[in-house]
Amino acid sequence: AAAMNAPAAGGAPAGDQAAKDAAAKKTADEAAKKAAEAKQAAPAAPAGKTVTVKSGDTLSAIGGRVGVDWHTLYDANKGVIGGNPNVIRPGQVLSIP
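Residues numbered from 1 in each chain as written. Predicted model: local features only at pLDDT ≥ 70, side-chain atom pairs only at ≥ 80, totals over all residues. Heavy atoms only, no water.

Participant: Account for the overall build of the protein chain, with residues named and values stated.
Facilitator: Across its full length, the protein chain carries 4 helices and 2 strands. In the protein chain, the succession of helices and strands from N to C terminus is α-β-α-α-α-β. The 97 residues of the protein chain split such that 19% are buried. The contacts in the protein chain between residues at least 6 apart in sequence include a share of 48% that link residues at least 24 apart. For the protein chain, the exposed area adds up to about 6700 Å²; of that, 58% sits on carbon and sulfur atoms. (Helix = DSSP H or I, 4+ residues; strand = E, 2+ residues; numbered from the N terminus. Buried < 20%, exposed > 50% of the residue type's maximum accessible area, 1.4 Å probe, protein only. Contact = heavy atoms within 4.5 Å. Areas by Shrake-Rupley, 256 points an atom, 1.4 Å probe, with all protein chains shown as cover.)

Right, here's the structure in full:
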């Protein structure tokens, strides 16, 4: 029977190569997880985009989805929203600053 530390095809003992492969996979898995978390944390819509108000939306909820404070969202869209930030209507198209 072959010894556990017999050289693998690449010249390193088989056990060492398995450990290296496992470490590389773990590192790749961690990097992928961090990338996915970063993507989730990123704003849903980048600056310069728009969002259409849907029934039940609030400036605060929209701001939370796009990563902008509702005051900033309101200030950028007063012409669309009007004088009361508590009244937005489905179908209104808001600019995301």
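Back to the text.
Participant: For the pattern of salt bridges, give the residues involved together with the corresponding values.
Facilitator: Enumeration over the complete set of coordinates arrives at 2 salt bridges. Here Asp-57 makes a salt bridge to Arg-65, at a shortest N to O gap of 3.2 Å. Its relative accessible area of 41% is what places Arg-65 among the partly exposed residues. (Salt bridge = Lys/Arg side-chain N within 4 Å of Asp/Glu carboxyl O.)

Participant: Quick one: what's the story with the nonpolar core, residue by residue and with numbers?
Facilitator: Residues Val-51, Val-53, Leu-59, Ile-62, Val-66, Val-68, Leu-73, Tyr-74, Ile-81, Ile-88, Leu-94 and Ile-96 constitute the largest nonpolar core, which totals 12 residues. Elements with a contribution of two residues or more to this core: helix 2 (59-66) and helix 3 (70-76). Of the residues forming this core, the biggest block, 3 residues, is contributed by helix 2. If we skip the residues at most four places from it in the chain, Ile-88 touches Val-53, Asp-57, Thr-58, Leu-59, Ile-62 and Ile-81. (Core = buried A, V, L, I, M, F, W, Y, C linked by side-chain atoms within 4.5 Å.)

Participant: Which residues make up the confidence of the model for the protein chain, and what values go with them?
Facilitator: As a general rule, the predicted coordinates of low-pLDDT regions are not to be interpreted in detail. In the predicted model, the protein chain carries a mean pLDDT of 78, and 58% of its residues have values of at least 70. Ranking the elements of the protein chain by mean pLDDT puts helix 1 (residues 14-41) last with 64 and strand 2 (residues 93-95) first with 97. (pLDDT = per-residue confidence, 0-100.)

Participant: Tell me what's going on with the environment of Ser-60, and back it up with residues and numbers.
Facilitator: The topology assignment puts Ser-60 in helix 2. Between the C-alpha atom of Ser-60 and that of Pro-85, which follows or precedes it by 25 residues, the distance is 9.8 Å.

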